[in-house]
Amino acid sequence: MNNGKQFINGERVASNSPSLQSINATTYEPTGYKFSQATVEEVDKAAFAARIAFDTYHKTSHEQRAKFLEQIAIEIESLGSNLQEVASAETGLPIARLQGETARVTGQLRLFADLLRRGDTYGARIDVALPNRKPLPRVDLRQYKIGVGPVAVFGASNFPLAFSTAGGDTVAALAAGCPVVFKAHSGHMATAELIGEAIERAIALCNMPKGTFNMVFGGKIGADLVKHPAIQAAGFTGSLEGGMALFNLAQNRSQPIPFFAEMSSVNPVIILPSALKNRGEKIAQELVASFNMGSGQFCTKPGLILLIESEEANQFIENMKLHTEKSVSQVMLNEGTLKSYNEGVRKLQSTKGFTLIASGQSADIVSKGQTNLFQADESLLLSGNENLQHEVFGAMSIIIPTSSEKNLLKGIEALGGQLTATIIADEEDFSKSDELLSLLSRKAGRVLFNGYPTGVEVSDAMVHGGPFPATSDARGTSVGTASIERFLRPVCYQNTPQSLLPEALKDENPLNINRLINGNITKDKI
C-alpha cells in the first residue's frame, strides 16, 4: 500500500509527485500516507479507460458480474483489521462502527450478486407480433435494460466504506454493467487505496477489463470528471452546495447526463400527543441519542423535532435539555467538518427566532464537536425559513412546538424534500394520522413509525432518496437493490432475429427469468 498514484486502466499512474497528505482525524497530524494530485490528463485517461472497458464489460453475463462482486467482497475481507485501523485513523470513527460498515459493504456486494442472479433487473418485456391484428398488425417488440455507460462516483466524507470506494453507488454501477471512475474523498485517501487495491485484485481474478474500475485522488478534478464526454452518469453524496455545482455542470454539458446527488436533509421527527403523554421521557432520551450518534454525522440524523404545545411538550423539552447536557463530545471526521459544524451553530445562535437551549459536555481536545439543542419559533416553521431546511452536519437538532395540529401540518408543508420523516405515535394517535402520513409521503423518500432514521437497511425495499433538496432526482435511491435502476436504460428490439437477440429476450428463455409477455408475468417459453 501507499503507492499514492491514480488507478487507471489496471495500472498505477502519477504525473505529479506526492503532495496530498492523509491526516489523522483526532490529532490533525499527518498519518504518513501521501498521494499525488490527479491532473486533468489523468482524469481524461481514467474516463477513456472506463469507456473502452464498457464495450466489453457491459456484455458480461449477470453470473459473471455476480461472481466479480462476490470476489470484491472476499478481497475486502482479506484486508482484515488493518482496513478498520486505517479508516479509524483518517476519520476518527470507532473500530466497532467501522467493523459494522465493512460488513455492510461486503453484504451489499453479495446482495447485488443475488439480485443479478435473480434476473429481475433485466426488466424483460415482450409483445409478440400479431400479424393478423385489425386494423393494423403489430410488430414483434422486445425490451430489456442495459447499463448507461461509464459512471463517475464521488466518495462521501461520513462513510469511508459504505458510501465510498466500494460503496452503494460503485456496486450499483458495476452490477448494471457500468465501469466506474471513482474520485476518492480527501478525508480518507489511504482507506480508499486499500479498497481500490482489493477491487483491482478481483478484476484480475475474474478476468474483467482493466478499465472496469479507475480511481483518482485530489481536489479540483470533480468538475473535469463530470464534464468528461466519456462519463454517462454520476453518483454523489455530500453538501447541497457541492452537489448542485456538479449537477449544473452535468446538465450544461453538450450531452447532459443523469446526476444522482444525495445532499441536504433535516429529517423531521413528529411526536404526536398520546405518544408524548405516555412515553415522553423515553422518547427524549432516544432522540438525543439518535441525533448525537456518530457526532451527528449521518445524512439521516433527526435535525428537526416537531410537536404540539402542551404541558407534556414542556416537560419533554426539559428532558431533551437534560439528556443533551449529559452528552459527551466526540471526534468529528476532519478539521473542515468540525469548522463547518461550529459555523452552522454560531449562525443559528445569531439568527432571530433561534435559541440555544442546551449544550453537551465541552470538548476536551481540538478535534471534538459539542452537542447542541436549539428551540425555534413557530413562525419560522410556518414561513419556510431556509435555516430549517439547510442541514447543519453534526450533533445538533432543533425543536419547535406548534400551537395547533393545523399549524403543524402547515409547517411541514413549508419544508422542502427530505430523505426521511418520522412519526412517533401510539395507538390513540393512529386514527388521526392519515393526513400527516399523506403529507410526509409527498415530502420524504422514507417515512418511519416509532423508530429513528439513522439506521438505513440495505435491502430490496429501502429508499434512500427524496424530493429536492434531499436529492437531485427523487426517482432514485442510493441504498438498496433498486439503486441499480439509476444506471440502467431500456432498449427495445423490433423484429430482431432470434440469433441476434439478447439471452433475456429469446423465445426459449434460456436464463429462466420472469418476463412480462403480452401483459402477463411468466417464465414460460414463447
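Residues numbered from 1 in each chain as written. Predicted model: local features only at pLDDT ≥ 70, side-chain atom pairs only at ≥ 80, totals over all residues. Heavy atoms only, no water.

S.K.: An account of the domain arrangement of the protein is requested, with residue identities and associated values reported.
M.R.: Assigned domains of the protein: these are domain 1 (6–122 + 150–263 + 476–485) and domain 2 (268–449). For domain 1 and domain 2, the distance between their C-alpha centres works out to 32 Å. Of the residues lining the interface, 15 residues belong to domain 1; the matching set on domain 2 comes to 16 residues. Our count for the domain 1 to domain 2 interface comes out at zero salt bridges. At the boundary of domain 1 and domain 2, one finds three residue pairs in polar contact (both at pLDDT 80 or more). Secondary structure elements with two or more residues in the side of domain 1 that touches domain 2: helix H3 (81–91) and helix H8 (240–251). Its residues placed into classes, the side of domain 1 that touches domain 2 shows six nonpolar, five polar and four charged. (Domains from an automatic or database assignment. Contact = heavy atoms within 4.5 Å. Salt bridge = Lys/Arg side-chain N within 4 Å of Asp/Glu carboxyl O. Polar contact = N/O pair within 3.5 Å; in protein donor to acceptor, adjacent residues only side chain to side chain. Helix = DSSP H or I, 4+ residues; strand = E, 2+ residues; numbered from the N terminus. Nonpolar A, V, L, I, M, F, W, Y, C, P; charged D, E, K, R; others polar.)

S.K.: Explain the side chain of Ser 472 to me, using residue names and the numbers behind them.
M.R.: With respect to the secondary-structure elements, Ser 472 resides in the loop between strand S20 (444–449) and strand S21 (488–494). A distance of 2.6 Å separates a polar atom in the side chain of Ser 472 from the backbone oxygen of Phe 259. A distance of 2.9 Å separates a polar side-chain atom of Ser 472 from the backbone nitrogen of Ala 261. Aside from chain neighbours lying at most four places away, what touches Ser 472 is Phe 247, Phe 259, Phe 260, Ala 261 and Met 263.

S.K.: Go over the state of the cysteines, please, and point to the residues and values.
M.R.: This structure, assessed with the given rule, holds zero disulfides. Not engaged in a disulfide, the cysteine Cys 206 finds its nearest cysteine sulfur in Cys 178; these two sulfurs lie 18 Å apart. (Disulfide = S-S within 2.5 Å.)

S.K.: Which residues make up the sheet that holds strand S23 (residues 520–522), and what values go with them?
M.R.: With respect to topology, five strands assemble into an open sheet ordered S21-S6-S5-S22-S23, the strand pairing being mixed. Strands at the two margins of the open sheet, each flanked by one partner only, are S21 and S23. Shown here is a sheet whose adjacent strand axes are inclined to one another by a mean of 25°, direction ignored. Here three bridges tie strand S5 (residues 125–127) to strand S6 (residues 141–147), and the two strands are oriented antiparallel to one another. Within S6, the position partnered with Arg 125 by the bridge is Gln 143. (Pairing = 2+ DSSP bridges. Axes fitted to C-alpha atoms, helices over the stretch in contact; angles between N-to-C directions.)

S.K.: Account for the UniProt feature "domain: Aldehyde dehydrogenase" (unreviewed entry) in the protein, with residues named and values stated.
M.R.: The residues that UniProt annotates with the feature "domain: Aldehyde dehydrogenase" (unreviewed entry) are residues 15–466. In this annotation, residues 15–466 is assigned 42% helix and 19% strand; the end-to-end C-alpha distance for the span is 40 Å. (UniProt positions renumbered as here; feature names shortened; annotations may be inferred.)

S.K.: Please give an account of the environment of Glu 281 that cites residues and values.
M.R.: You can see Glu 281 is positioned in helix H9 (residues 273–292). For Glu 281, a relative accessible area of 55% translates into the label exposed. C-alpha separation for the pair Glu 281 and Asn 319, spaced 38 residues apart in sequence, amounts to 6.3 Å. With near-sequence residues (within four places) excluded, Glu 281 lies in contact with Asn 319 and His 323. (Buried < 20%, exposed > 50% of the residue type's maximum accessible area, 1.4 Å probe, protein only.)

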